[in-house]
Amino acid sequence: MKVFGKIALVAGVAFLLASCSNKYKDDTRLAIEDGRTVVERYGQLQVIGTDLCNQDGKPVQIRGISSHGLQWYGKYANEDVIKWLRDDWNCQLWRAAMYISEGGYLSSKAIKNRVIDSVDACIKNGMYVMIDWHVLGTKDPMAHLDLAKEFFDEMSKKYGQYPNIIYEICNEPNGDNVTWENNIKPYAEEVIKTIRANDPNNIIIVGTPIWSSQPQIAAKNQIKAKNIMYTVHFYAGTHGKEHRRNVKKALKLGAPVFCTEWGTTMASGDGGVFEKSTLEWMKFFEENNISWANWALNNKGEDSGILAYGKDKEAKGGWTDKDLSPDGKLIRKIIRNEIEK
Ligand code: IDC
């Protein structure tokens, strides 16, 4: 009996340890499981504490690919490609990156049709879709508050009833005078109000200072609304431990974090693929239940593009290894859960 008791105790402790370290790891990071899409399984996402959770309140990590600038590579935002990313790459998420400047929305509002194509394709394929108001060159999100409100009002009216939608309201605020207190937070509060009038539930993600590297600053002065998350971006050749410390601090302060964009390269989007640093980040995100979208789907010849230079000009998907760049091969393996931990 004594021996049996000891064995039972050891087994019990082992089970307890295993289940604790498995908090996030009953690997449901699948685009399709038992014939059901991720949106059929997870349904309406919600934030509980610092975790992104499914409709039942269970923490989930969702992962996928970002479009490149839709003004340049919008042709990939189509149903064939998005379905291919779901079925071959195991993507649960597609991010539609709609630049504001750099030839984006300010030049022609017609670019929003590529967002609409993206959302329709993701709804059809049971994937989550991120509507990204890609603030970059315009630095201060306040600079185009009225346009942002008009756009998000339209999107949330059209799609607010679908659990597939995630709003990303300012990609990367930047510039010396652009602060959380004076620019980003007041902007976010306005846009959140606009979205919430049409869509009470879907997740809204807010950019953070200095190209979305400072979630800990936002964490000190959080927005009082539900289902809000804060962004961290990283590029594996440029950002490491210090950035991760910012994320840790944010989580400690109770701020939920979503990595809406990251790359395997330098912050320029080029300069080689940094595999070791990438895998450190992946481990960190998995341990902390942080969801993400990788930059980006293009065949431009930039190292952060998942397609080899010039491949798939027709944008149909169906890629084999020779169509993928070194970055693309690595990202595909990661999303397909094929990397040894
Ligand atoms: C880069 C593109 C590049 C394009 C440039 C325009 O990869 O082809 O010429 O934008 O400014 C970001 C931005 C993202 C950048 C990316 C790589 O969100 O728009 O894309 N990056 O530089 N933040 C950090 C890196």
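Heads up: these notes are all about the structure in this document. The model shown is predicted, which means the values in this text are computed figures rather than measured ones. (Residues numbered from 1 in each chain as written. Predicted model: local features only at pLDDT ≥ 70, side-chain atom pairs only at ≥ 80, totals over all residues. Heavy atoms only, no water.)

A separate point is the environment of D327. Examined against the element boundaries, D327 turns out to sit in helix α12 (residues 326-335). Under the relative-accessibility criterion, D327 is labelled buried at 0%. In the structure, D327 is positioned 53 residues away from F274 in sequence and 9.0 Å away in space, judged by C-alpha atoms. Sequence-distant contacts of D327, defined by excluding residues within four places in its chain, comprise T264, V273, N294, D303, S304, G305 and I306. (Helix = DSSP H or I, 4+ residues; strand = E, 2+ residues; numbered from the N terminus. Buried < 20%, exposed > 50% of the residue type's maximum accessible area, 1.4 Å probe, protein only. Contact = heavy atoms within 4.5 Å.)

For helix α10 (residues 241-252), spanning 12 residues, the distance from its first C-alpha to its last is 16 Å, which sits close to the expected 16 Å at 1.5 Å a residue. Here α10 has its buried residues at H243, R244, N246, V247, A250 and L251. The arc enclosing the buried residues of α10, seen along the axis, measures out at 150°, which places them on a common side. Exposed side of α10, more than 90 degrees from the buried face: K241, E242 and K252 are the residues found there. (Expected span 1.5 Å × (residues − 1). Arc of directions from axis to C-beta.)

With that settled, the discussion passes to the site of the ligand. Close to the ligand lie 15 residues; Y99, E172, A267, K300 and E302 are nearest. Side-chain polar atom of H68 to an oxygen atom of the ligand: 3.0 Å apart, as the coordinates give it. H134 is positioned such that a nitrogen or oxygen atom in its side chain is 2.8 Å from an oxygen atom of the ligand. Calculation on the ligand without its partners gives an accessible area of 510 Å², and the protein chains cover 80% of this total. More than half of the atoms of the ligand fall within 2 Å of the grid points belonging to the largest pocket. Its residues assigned to classes, the shell around the ligand comprises six nonpolar, five polar and four charged. (Near = heavy atom within 4 Å. Polar contact = N/O pair within 3.5 Å; in protein donor to acceptor, adjacent residues only side chain to side chain. Areas by Shrake-Rupley, 256 points an atom, 1.4 Å probe, with all protein chains shown as cover. 1 Å grid on protein atoms, 1.4 Å probe; cavity = no way out; pocket = protein on both sides within 12 Å on 5 of 7 lines; lining within 4 Å. Sits in = over half its atoms within 2 Å of the grid points. Nonpolar A, V, L, I, M, F, W, Y, C, P; charged D, E, K, R; others polar.)

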